[in-house]
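Understanding the architecture of this molecule
Next come the chains, spelled out residue by residue.
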Amino acid sequence: TAVPTTTSDTTTAAPFVPTPGMDDNVSPQPFSMGPLVGHTTHNSVTMWTYHSNYQDDVVELVLYDEYGQVVHLALITQSPAYNHAYKTTIGNLLPDTEYQYGMHM
């Protein structure tokens with residue numbers, strides 16, 4: 001999982017940081033594509049992923065601040081409007097702040 005850093009117009013990625021409390025012996029659910037991070041502004045970011053089995057699955061997105069505190073939690077379902085992607089936009093982010101995220105199915 002990369003760490004998106006919000007700035008006025010860019011996103012940078014840092015090395016993998018495990019989700020706090022994640023069991024090291026559990027393999028994460030593979031996605032067909034993603035997770036992807038984009039459309040980053042000074043206070044928001046859009047994140048999405050695809051899974052080959054887009055039935056009634058739910059993707060959990062957890063966003064952590066630099067201290068490991070949860071700042072956003074979303075349960076995302078796929079949408080035909082987004083070509084069956086699991087997609088959400090997170091707002092109210094602070095500029096020049098690093099966030100960690102985890103996406104789990």
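Notes on the structure follow. (Residues numbered from 1 in each chain as written. Predicted model: local features only at pLDDT ≥ 70, side-chain atom pairs only at ≥ 80, totals over all residues. Heavy atoms only, no water.)

1. Considerations on the overall build of the chain
When you go through the chain residue by residue, the secondary structure sums to 0 helices and 8 strands. The order of α-helices and β-strands along the chain, N terminus first, is β-β-β-β-β-β-β-β. Taken across its 105 residues, the chain has 34% of its residues classed as buried. Long-range contacts, defined here as pairs at least 24 residues apart, represent 59% of the contacts in the chain between residues at least 6 apart. Carbon together with sulfur atoms contributes 50% to the accessible area of the chain, which is approximately 6300 Å² in total. (Helix = DSSP H or I, 4+ residues; strand = E, 2+ residues; numbered from the N terminus. Buried < 20%, exposed > 50% of the residue type's maximum accessible area, 1.4 Å probe, protein only. Contact = heavy atoms within 4.5 Å. Areas by Shrake-Rupley, 256 points an atom, 1.4 Å probe, with all protein chains shown as cover.)

2. Things to note about the sheet that holds strand β5 (residues 70–79)
Pairing in this open sheet of 6 strands is antiparallel, and the strands run β2-β3-β6-β5-β4-β8 from one edge to the other. At either end of the open sheet lies a strand with only one pairing partner, and these are β2 (33–38) and β8 (100–104). Averaged over all pairs of adjacent strands, the angle between their axes in this sheet comes to 20°, without regard to strand direction. Across 2 bridges, the pairing between β5 and strand β6 (residues 85–90) is antiparallel. Across the sheet, Ser79 pairs through a bridge with Ala85, a residue of β6. (Pairing = 2+ DSSP bridges. Axes fitted to C-alpha atoms, helices over the stretch in contact; angles between N-to-C directions.)

3. Observations concerning unusual backbone geometry
With a phi close to 50°, His39 is a non-glycine residue in the positive phi region. On the basis of relative accessible area, His39 is assigned to the exposed category, the value being 59%. Of note in the backbone geometry, Asn92 takes a positive phi value of approximately 60° without being a glycine. Here Asn92 shows up in the loop between β6 and β7 (97–98).

4. Examining the pairing of β5
Pairing analysis gives 7 bridges linking strand β4 (residues 58–64) to β5, with the strands arranged antiparallel. Within β5, the position partnered with Val58 by the bridge is Thr77. The antiparallel hairpin formed by β4 and β5 contains 5 residues in its connecting segment, where Gly68 sits at a positive phi of about 85°. Taken together, β5 and the strand that follows it, β6, pair antiparallel across an intervening segment of 5 residues, in which Asn83 is found at a positive phi of about 60°.

5. Regarding the nonpolar core
Ranked by size, the top nonpolar core spans 14 residues in total, and within it Met47, Leu61, Leu63, Ile76, Ile90, Leu93 and Met103 carry the most contacts. Secondary-structure elements contributing two or more residues to this core are β3 (45–50), β4, β5, β6 and β8. For this core, the element with the most residues is β4, which contributes 3 residues. Ignoring anything within four residues of it in the chain, the contact list for Met47 reads Leu36, Val37, Leu61, Tyr86, Lys87, Thr88, Ile90, Tyr101 and Met103. (Core = buried A, V, L, I, M, F, W, Y, C linked by side-chain atoms within 4.5 Å.)

6. Observations concerning the pairing of β4
Where burial is concerned, most of β4 is hidden: 5 out of the 7 residues are buried. With 5 bridges connecting them, β4 and β8 associate as antiparallel partners. What sits directly across from Leu63, in β8, is Tyr101.

Everything listed here is a matter of coordinates, which is why it stays silent on function.
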